[in-house]
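# Architecture at a glance
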Amino acid sequence: TQLLEQSPQFLSIQEGENLTVYCNSSSVFSSLQWYRQEPGEGPVLLVTVVTGGEVKKLKRLTFQFGDARKDSSLHITAAQTGDTGLYLCAGGHYGNNRLAFGKGNQVVVIP
Amino acid sequence: GAGVSQSPSNKVTEKGKDVELRCDPISGHTALYWYRQSLGQGLEFLIYFQGNSAPDKSGLPSDRFSAERTGGSVSTLTIQRTQQEDSAVYLCASSPNPGTDTQYFGPGTRLTVL
């Protein structure tokens, strides 16, 4: 059973376009993290959200945590080729040392 | 300082052989995690070490898998009698604190079992 479902699994867009990817669960999480992974490398943390309804911005990336803390979205404005990568969401619970990872959103930005 | 390092970066082995994968965490990080990432799959938790506490082995898929962490630093993941389904990228991560703190990942070891 996959705790976190990410959609779409694969997305290809032209440079300059906007995109949104989603991370959904039936479980409530105390925190949710987004990582980006490039080929041959390990995931790198982009952001952590902990409050329902929280919105965080990282340059052209906007992350939102759902009000019920069950889902999250990542919006990229004016995508660049450097945004290409696998975006992984991971949910955590207080008192639990493990993160549950989704399968990822593979984003390809075409020049 | 240096990030998390893993060795080897690639390992090709024959079915039935044993393999050892090494992880050097960031100095001072008390928490260390091993994950497995198969093609098209998310990160599958394998095992977690925190300081001198007993490790959380609940993610190990079979008794062919084991791991140890010596001196609270370097960790070795051992897979005995490898099977083709063990082929995957094995990722190690360390964290300064347990729980949902940031995990810093190494580049992974790509294991191919022929």
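The preceding data block contains the structure.
In this text the structure is predicted, and so the values were computed from the model without any measurement. (Residues numbered from 1 in each chain as written. Chains lettered and ligands numbered in written order. Predicted model: local features only at pLDDT ≥ 70, side-chain atom pairs only at ≥ 80, totals over all residues. Heavy atoms only, no water.)

## Comments concerning the packing of aromatic side chains
Taken as a whole and assessed by the stated rule, the structure comprises 9 aromatic pairs over all chains. Between Trp34(A) and Phe63(A), the ring centres sit 6.4 Å apart and the planes meet at 45 degrees, which makes this aromatic pair tilted. Of this pair, Trp34(A) sits in strand β4 (residues 31–37) while Phe63(A) sits in strand β7 (residues 61–65); the two residues are 29 residues apart in sequence, bridging distant segments of the chain. One exposure class covers both Trp34(A) and Phe63(A), and it is buried. Aromatic pair Tyr33(B) and Tyr48(B): ring centres 4.8 Å apart, planes at 35 degrees, arrangement tilted. (Phe/Tyr/Trp six-rings, centres within 6.5 Å; stacked < 30°, edge-to-face > 60°. Helix = DSSP H or I, 4+ residues; strand = E, 2+ residues; numbered from the N terminus. Buried < 20%, exposed > 50% of the residue type's maximum accessible area, 1.4 Å probe, protein only.)

## Side note on the side chain of Ser25(A)
All names here are of chain A. With respect to the helices, strands and loops of the structure, Ser25 is situated in the loop between β3 (19–24) and β4. A polar atom in the side chain of Ser25 sits 2.8 Å from the backbone oxygen of Leu3. Among all residues touching Ser25, those that are not within four sequence positions of it are Leu3, Leu4 and Lys70. (Polar contact = N/O pair within 3.5 Å; in protein donor to acceptor, adjacent residues only side chain to side chain. Contact = heavy atoms within 4.5 Å.)

## Looking at the pairing of strand β5 (residues 43–50) of chain B
Burial of β5(B) is extensive: 7 of the 8 residues sit out of reach of the surface. Counted between consecutive antiparallel strands, the loop separating strand β4 (residues 31–37) of chain B from β5(B) contains 5 residues, among which Gly40(B) sits at a positive phi close to 75 degrees. (Pairing = 2+ DSSP bridges.)

## A closer look at the interface of chain A and chain B
How large an interface is tends to be reported as the accessible area lost when its parts come together. Each partner contributes residues to the interface: chain A has 20 residues there, and chain B has 21 residues. Interface area, chain A with chain B, both sides summed: about 1,500 Å², of which 54% is carbon and sulfur. At the junction of chain A and chain B, the tally comes to 0 salt bridges. Across the contact surface, chain A and chain B share 4 residue pairs in polar contact (both at pLDDT 80 or more). (Buried area = accessible area lost by both parts, 1.4 Å probe. Salt bridge = Lys/Arg side-chain N within 4 Å of Asp/Glu carboxyl O.)

## Looking at the pattern of salt bridges
All names here are of chain B. All told, the structure shown has 6 salt bridges over all chains when counted by the stated rule. The salt bridge involving Asp86 is made with Arg64; its shortest N-O contact spans 2.8 Å. With a gap of 22 residues between them, Asp86 in the loop between β7 (75–79) and β8 (88–95) and Arg64 in the loop between β5 and β6 (65–69) connect regions that are remote in the sequence. The burial state of Asp86 is the same as that of Arg64; both residues are buried.

## Quick notes on the state of the cysteines
Every disulfide links exactly two cysteines, by a covalent bond between their sulfur atoms. Tallied over the full model, the rule gives 2 disulfides over all chains. Shown here is the disulfide that connects Cys23(A) with Cys89(A), its sulfur atoms set 2.0 Å apart. Note on the Cys23(A) and Cys89(A) pair: the S-S dihedral is about 75 degrees, so by sign convention the disulfide is right-handed. Of this pair, Cys23(A) sits in strand β3 while Cys89(A) sits in strand β9 (residues 85–92), and the two are 66 residues apart along the sequence. You'll find Cys23(A) and Cys89(A) in the same group, each marked buried. Between the sulfur atoms of Cys23(B) and its disulfide partner Cys92(B) the distance amounts to 1.9 Å. (Disulfide = S-S within 2.5 Å.)

By themselves, these observations are geometric and do not establish any function.
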